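One-letter residues, chain by chain:
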Amino acid sequence: GRVLNELPHVHYEVEADVVVFCPDVGTRLVGVVTESFPSHAGMLVDTLFNAMVPAEELRRLGYEYDLDSNQWSTERDAATGELLPSPLPISIDDRIGF
């Protein structure tokens, strides 16, 4: 770095490659669920980006939260009535802001 005009700041020139994440509205994203709570489900999308689906949205889509297994699901075992693992939906809509 260098000091310019006797100022107390050091200036560095930096070059970087970046990934811009800007999916279109309506895009369906595929991710791996990394955490599941009664308030939300978190997932890793494309092994790079964290996404969160709030509980209100999951319930609107017909999901239920099972406190015993700590997971969201829409399917039940026919014999036991227990909730079974099922994939979580995530899509981009105009309510999601960054």
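The sections below set out a description of the structure shown in this document. (Residues numbered from 1 in each chain as written. Predicted model: local features only at pLDDT ≥ 70, side-chain atom pairs only at ≥ 80, totals over all residues. Heavy atoms only, no water.)

## Thoughts on the overall build of the chain
So the rule is basically this: For the purposes of this entry, the term helix denotes a DSSP run of H or I that reaches at least four residues, the term strand denotes a run of E that reaches at least two, and both are numbered from the N terminus. Between buried and exposed lies partly exposed: a residue is buried under 20% and exposed over 50% of the maximum accessible area for its type, with that area taken using a 1.4 Å probe on protein chains only. In this analysis, two residues are considered to be in contact whenever any of their non-hydrogen atoms come within 4.5 Å of each other. A 1.4 Å probe and the Shrake-Rupley method give the accessible areas. Residues count as covered only by the protein chains that appear here.
Check the secondary structure of the chain and you find one helix and nine strands. When the elements of the chain are put in sequence order from the N terminus, they spell out β-β-β-β-β-α-β-β-β-β. Expressed as a percentage of its 98 residues, the buried residues of the chain come to 24%. A separation of at least 24 residues holds for 33% of the contacts in the chain among residues at least 6 apart in sequence. Carbon and sulfur atoms make up 53% of the accessible area of the chain, which amounts to about 7,800 Å² in all.

## Describing the sheet that holds strand β4 (residues 40–45)
Test applied: Two strands qualify as a pair provided that DSSP identifies no fewer than 2 bridges between them. In this analysis, axes come from line fits to C-alpha atoms, helices being fitted only over the stretch in contact, and the angle between any two N-to-C directions falls in the range 0 to 180 degrees.
One open sheet holds the three strands; their spatial order is β3-β4-β5, and the pairing between them is antiparallel. Taken across any chain shown, the strands that pair with only one partner, and hence form the sheet edges, are β3 (31–37) and β5 (49–54). Averaged over all neighbouring strand pairs, the angle between strand axes comes to 25°, with direction disregarded. Pairing of β4 with β5, which is carried by six bridges, proceeds in the antiparallel orientation. Following the sheet pairing, G42 is matched in β5 by M52.

## A few points about unusual backbone geometry
The phi angle at N70 is positive, at roughly 55°, despite the residue not being glycine. As for its position among the elements, N70 is in the loop between β6 (64–66) and β7 (71–73). We classify N70 as partly exposed; its relative accessible area is 44%.

## Looking at the environment of V53
With respect to the secondary-structure elements, V53 resides in strand β5. Since its relative accessible area comes to 4%, V53 is described here as buried. Separated by 10 residues in sequence, V53 and M43 place their C-alpha atoms 8.4 Å apart.

## Quick look at a nonpolar patch on the surface
The condition is simple: Like-charged residues within 9 Å of one another, or nonpolar side chains (Val, Leu, Ile, Met, Phe, Trp, Tyr) within 5 Å, are grouped into patches, provided each residue has over 30% relative accessible area and no salt bridge. Salt-bridge detection follows one rule: a side-chain nitrogen of Lys or Arg within 4 Å of a carboxyl oxygen of Asp or Glu.
Together, V10, Y12 and V14 make up an exposed nonpolar region whose accessible area comes to about 360 Å². For V10, the location among the structural elements is in strand β2 (residues 10–11). By relative accessible area, V10 is classed as partly exposed at 45%.

## As for the nonpolar core
Inclusion rule: In plain words, nonpolar cores are sets of buried Ala, Val, Leu, Ile, Met, Phe, Trp, Tyr and Cys residues tied together by side-chain atoms within 4.5 Å.
L29, A41, M43, V45, A51, V53, A55, L58, Y63, Y65 and W72 form the largest nonpolar core, which has 11 residues in total. The set of elements that each furnish at least two residues to this core consists of β4, β5 and α1 (55–60). No other element matches the three residues that β4 contributes to this core.

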